[in-house]
Amino acid sequence: MTLTSRFAAPYRPVHLGPLTPVVQRREDGSILLRSARPLGSYPRCLTDRLAHWAKAAPDRTLLAWRTKDGFAHLTYGEAMTATRSVAQALLDRGISADRPLAILSGNGVEHLLLALAAQHAGVLHAPVSPAYSLLSEDFGTLRQVLKVLRPGLVFAADRRFDRAVAAAVDPEIELVTSGEGAELGGRPATAFAALRETAPRADLDRAHAAIGPETVAKILFTSGSTGLPKGVINTHGMLCANQEMILDAMPFLGEEPPVLVDWLPWHHTFGGNHNIGIILYNGGSLYLDEGRPLPGAFTESVRNLREVGPTVYFNVPRGYEELVRALRQDRSLAARFFGPRLRLLFYAAASLSQPVADELARIAVETCGERLLLVTGLGATETAPMAICRPWPSDLASAIGLPVCGLEAKLVPAGEKLEVRVKGPNVTPGYWRDPARTQAAFDEEGFYRMGDAVLFADPADVSQGLLFDGRLGEDFKLSTGTWVSVGPLRARAVAHFAPCLRDVVVTGHGRDEVGILAVPDVEACRALCEGLPPGAGPGEICAHPAVRAWIATRLGTFAAQARGSSTRIRRAIVLEEPLSLDHGEVTDKGSINQRAVLARRAPLLEDLYAETPRPHVLIGDAS
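Report on the accompanying structure. (Residues numbered from 1 in each chain as written. Predicted model: local features only at pLDDT ≥ 70, side-chain atom pairs only at ≥ 80, totals over all residues. Heavy atoms only, no water.)

## Some remarks on the overall build of the chain
From N to C terminus, the chain includes 22 helices and 30 strands. For a compact globule of 623 residues, the expected C-alpha radius of gyration is about 25 Å, and the chain comes in at 24 Å, within 12% of that figure. By principal-axis analysis of the C-alpha atoms, the chain measures approximately 80 × 55 × 55 Å. Evaluated residue by residue, the chain yields a buried proportion of 57% over its 623 residues. Of the roughly 24500 Å² that the chain leaves accessible, carbon and sulfur atoms contribute 52%. If the 65 positive side-chain charges of the chain are averaged to one point and the 69 negative ones to another, these points end up 1 Å apart. (Helix = DSSP H or I, 4+ residues; strand = E, 2+ residues; numbered from the N terminus. Rg over C-alpha atoms; globule rule 2.2 N^0.38 Å. Buried < 20%, exposed > 50% of the residue type's maximum accessible area, 1.4 Å probe, protein only. Areas by Shrake-Rupley, 256 points an atom, 1.4 Å probe, with all protein chains shown as cover. Lys, Arg positive; Asp, Glu negative; His and termini not counted. Charge placed at Lys NZ, Arg CZ, Asp CG, Glu CD.)

## A word on the sheet that holds strand β16 (residues 312-315)
Ordered by their spatial adjacency, 11 strands build an open sheet running β1-β2-β21-β22-β23-β24-β20-β19-β18-β17-β16, and the pairing between neighbours is mixed. Every other strand in the sheet has two partners, leaving β1 (21-25) and β16 as the edge strands with one partner each. Going across the sheet, the axis of each strand differs from the next one's by a mean of 40°, ignoring polarity. Across the sheet, helix α11 (residues 269-282) lies against β16, β17 (344-347) and β19 (386-390), angled at about 170° from β16, the strand it touches most. Contacts between helix α13 (residues 317-329) and the sheet are confined to β16, β17 and β18 (374-379), with β16 contributing the most and set at about 120° to the helix. (Pairing = 2+ DSSP bridges. Axes fitted to C-alpha atoms, helices over the stretch in contact; angles between N-to-C directions. Contact = heavy atoms within 4.5 Å.)

## Brief notes about helix α20 (residues 545-560)
Spanning 16 residues, α20 covers 22 Å between terminal C-alpha atoms, matching the ideal 22 Å at 1.5 Å per step. Buried within α20 we find Val 547, Ile 551, Leu 555, Gly 556, Phe 558 and Ala 559. As for α20, its buried residues are in contact with α17 (486-496), β27 (501-507), α18 (522-526), α19 (538-542), β29 (569-574) and β30 (617-619). (Expected span 1.5 Å × (residues − 1).)

## A short note on the side chain of Asp 443
Tracing the backbone through its elements, the reader meets Asp 443 in the loop between α16 (435-441) and β23 (448-456). Within the structure, the side chain of Asp 443 is placed 2.9 Å from the backbone nitrogen of Phe 447, a separation counted as a polar contact. Other than its neighbours up to four places away in sequence, Asp 443 contacts Lys 410, Arg 421 and Arg 449. (Polar contact = N/O pair within 3.5 Å; in protein donor to acceptor, adjacent residues only side chain to side chain.)

## Topic: α11
Each α-helix turn comprises 3.6 residues. Residues three or four places apart therefore point the same way. The element α11 is largely enclosed, with a buried count of 14 among its 14 residues. Looking one or two residues past α11, Gly 283 carries a phi angle of roughly 70°, positive in sign.

## What about the pairing of strand β21 (residues 408-414)?
Across a regular strand the side chains alternate sides, sitting on one face of the sheet and then on the other. Two strands pair when backbone bridges link them, and strand β2 (residues 31-35) and β21 are joined in this way by 4 bridges, in the antiparallel orientation. Opposite Arg 34, over in β21, you have Glu 408 as the bridge partner. As judged from the 7 bridges shared by β21 and strand β22 (residues 417-423), these two strands associate in the antiparallel manner. Within the sheet, the bridge partner assigned to Val 412 lies in β22 and is Glu 419. Two successive antiparallel strands, β21 and β22, enclose a turn made up of 2 residues, where Gly 415 displays a positive phi of approximately 65°.

## With respect to the sheet that holds strand β28 (residues 514-520)
Strand-to-strand pairing in sheets goes through backbone hydrogen bonds, with the strands running parallel or antiparallel. Spatial ordering of the open sheet is given by β27-β28-β29-β30, a layout of 4 strands whose pairing is mixed. Bordering the open sheet on either side are β27 and β30, each of which pairs with just one other strand. Pairwise comparison of adjacent strand axes, ignoring direction, gives a mean angle of 30° for this sheet. Across the sheet, α20 touches β27, β29 and β30, and the angle it forms with β29 is around 155°.

## Some points on the pairing of β28
The element β28 is extensively covered by neighbouring structure, given that 7 of its 7 residues are classed as buried. Where β27 meets β28, 6 bridges bridge the pair, whose relative direction is antiparallel. Following the sheet pairing, Val 506 is matched in β28 by Ile 516. From the end of β27 to the start of β28, which pair antiparallel, there are 6 residues, and Gly 508 there has a positive phi angle of about 135°.

## Let's talk about the pattern of salt bridges
This structure, assessed with the given rule, holds 42 salt bridges. Across the pair Glu 174 and Arg 93 runs a salt bridge, and its minimum N-O distance is 2.9 Å. Of this pair, Glu 174 sits in strand β8 (residues 174-177) while Arg 93 is found in the loop between α3 (76-92) and β5 (101-103), placing the two residues 81 residues apart along the sequence. For Glu 174, a relative accessible area of 25% corresponds to the partly exposed category. Asp 330 is the partner of Arg 306 in a salt bridge, and the nearest nitrogen-oxygen pair spans 2.6 Å. Taken together, the residues Arg 306 in helix α12 (residues 299-307) and Asp 330 in the loop between α13 and α14 (331-337) connect sequence positions 24 residues apart. Linked through salt bridges whose partners overlap, the residues forming this network are Arg 26, Lys 410, Glu 419, Arg 421, Asp 443 and Glu 445. (Salt bridge = Lys/Arg side-chain N within 4 Å of Asp/Glu carboxyl O.)

## Quick word on the packing of helix α2 (residues 46-56) against α11
Where α2 contacts α11, the axes come no closer than 7 Å and their chain directions differ by 45°. Judged by the angle between their axes, α2 and α11 are oblique. Across the interface between the two elements, Leu 46, Arg 49, Leu 50 and Trp 53 of α2 pack against Gly 277, Leu 280, Tyr 281 and Asn 282 of α11. Tallied by class, residues from the contact of α2 with α11 come to 5 nonpolar, 2 polar and 1 charged. (Parallel < 35°, antiparallel > 145°, perpendicular 65-115°, else oblique. Nonpolar A, V, L, I, M, F, W, Y, C, P; charged D, E, K, R; others polar.)

## A short note on unusual backbone geometry
Note that the residue after Ala 384, namely Pro 385, is joined by a cis bond; omega there is 5°. By the secondary structure assignment, Pro 385 is in the loop between β18 and β19. With omega at 5°, the peptide bond leading from Ala 498 into Pro 499 counts as cis. With respect to the helices and strands, the residue Pro 499 is situated in the loop between α17 and β27.

## Brief notes about the nonpolar core
If you look at the biggest cluster of nonpolar residues, it comprises 94 residues, and the most contacted ones within it are Leu 62 and Met 250. Discounting residues that sit within four places of it in the chain, Leu 62 has contacts with Leu 50, Leu 74, Thr 75, Tyr 76, Ala 79, Leu 112, Ile 279, Leu 280, Gly 284, Ser 285 and Leu 286. Core analysis: the next-biggest nonpolar cluster, separate from the first, contains 30 residues, Ala 64, Val 261, Phe 298 and Leu 372 among them. (Core = buried A, V, L, I, M, F, W, Y, C linked by side-chain atoms within 4.5 Å.)

## Description of the packing of aromatic side chains
Aromatic rings in a pair are described by how distant their centres are and how their planes are angled relative to each other. Under the counting rule described, the total for this entry stands at 10 aromatic pairs. A network of ring pairs unites the aromatic residues Tyr 313, Tyr 320, Phe 337 and Phe 338 as a single cluster. Between Arg 49 and the ring centre of Tyr 281, over which it is positioned, the NZ or CZ distance is 5.3 Å. (Phe/Tyr/Trp six-rings, centres within 6.5 Å; stacked < 30°, edge-to-face > 60°. Lys NZ or Arg CZ within 6 Å of the ring centre and 35° of its normal.)

Take a look at the structure:
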C-alpha cells in the first residue's frame, strides 16, 4: 500500500513550473533531453540583484544572526552600502584572480559581505571549509588549497584559527579578522570594520561594469571521492543563469520574498550558491542557523525553526532525519513548522531514505491535514548546482525529475546503466589551475561528465522523469565478475534497517559476497537495550545482544528478498567509532564518502571477510 493511499490528503498549493521534455534518441544509444521552454534573461552578476533590492526594499532583512539579545539584522540597504565599501578596500589591496581573497571562516555577516564585495568588484574569492583549519592536525589540505589559490588576502573570524594561520598562511599575506586590533597566528590582523570604512571611488564602478558572464566569481573546493580538493570555477554567468533556472522550476520563490532558516555551509554549493542565490535573486531573508544535523547538535535548529518559521525549507537528508525525530517528539514544533506560510520542502546532496520521506509526510498530514511537496533534483558544484529537478509530487525518494530549462542532458550507455552528462550556461568551464582534470571532466561534445547514473521512471513516458541510479564510481564487481550497483542497494538497505541504522557503506570489492559497514542510530539502538545504564556509550550499546540480534535478523530477511548475489547482504560490522570529518569519511553536510571509509577502515574489511568470523561480525541467515 502506498503512502498516497494511506493518506487521502491534498498537497498544499504551491506555484511550480512545468518541465516539458524534448527528446532526441541517437543511433549510438545516447539520449538527449532538454526542456521545451527557453531560459529567460538573467543579470550579469548577483550583486545587481542586491542593488535592485537595496532600492526596492532597503529596510528588508537580508541576513539575521543570533546574539545574546536575540537576532541582529543586516538590511538590503545596509548590505549594499557595506558591499561597495569592502569592494573598494579589496581593489585597493590589489585583490584579483591572481591574488584572490580566501575566506577560512564559516557562515557569518563578515563572510557574506566579503563574498558580495568580491563579486561586486569582479575579483576572485574562495570560501574554504573551516574543517581544514579547525579539525585538521597537520593542516596539509589547507596548505594545498592555499598553494593552488595563491591568495592576496585571508579572512579568519577569530583566534580559533591561530594554529591554522601560523601553519599554512604565508607571512607576507595580509590577514583580516572580525575583532578590533586583534592578531591571528601571532601576527597583526586588520579589523574587518576598517574595510567597511573605505569610501567607494570611480574605479569600483569601472571594475563592476567590466564584469561579464565568463568572469570568475569564486572557487569552490570539492574533494570528490578521492584525492586532494579540486577548485571548481564558478563564473558570474553560471551563478545567475542557475538562479533563473531555479526560479523557472519554482516560480513561487519570486512571488513572495522567501524566508530561510539555514545552516548549510557557504563553502558548499548547496548553501553558498543555491540558497544564498535564492535569497539575493528574489529579495528574501536568511536566518543563520548555528545548529547541525547531528544527534545532540540539532537543538539550536529546533529553537530557530520554532521562532522564525521558514517559507521554504532546504536541508540535506541527515538534516531531515533529525527534523523528523524532533517533529515526532514535539508536536507544538510540528504545528509551528508546518504553519500556513511554509510552501515547500527541498532536499539535495544525497539520497533521502524512503522511511524518512514517508514519516515526514505522515507527520505533516497529522499536523495540518496537508502534505507538503518534497522536491529534489540532481546537481553538482560544477553545475552551480541545479541541473535536474523534480517540481512535482512523488512518493519515490529516488525520483529526481528532468533537466531544468536552459540545460541539455545527455544520457550515455555505461554497461547496463545510463550515465548523465550536462551542458549549459550554469556548467563550470573547469578546475582552477588544473588543465588535466578539466580535460578529463568533459566529453568530446563539451558535456560535463557528472559521474551519476539515472534511469527512466517510465521508459514509455519520458515526462515522468528520471530516477537516481547511483554513482558510477561507487559500483564494483564481486569475485564472480558480477556488478554491484551500490546506490540502489544502499538505498534499499537503509530503508530495510531503519530505524537502527542511519546509513551503510557497501563492501565486497573483489570478494565473494556483499557486506556492509553499518552506521548506527545510537538512540534507536538504545531503545532496544532493556536494563542498560543511562550513561552507556555507543560501543556498549552497539555490542548489546538485543541490538546484535535485531540487526542479524534484518540481515536474514534482507538476504531472503535478494534476487542474486549482487543484491544479497549477508554480513555486517556496526561502526562504533563515528565517521571522521577530518579524514574525509563524511562531509560537514553529512554525506558519506564510501571510498574514504573503505580505505580508512581496511582492517575492519579483513575482519568482515575472515574465514572464521570475528565476534563483532554479524551474519544473517536467509533460510
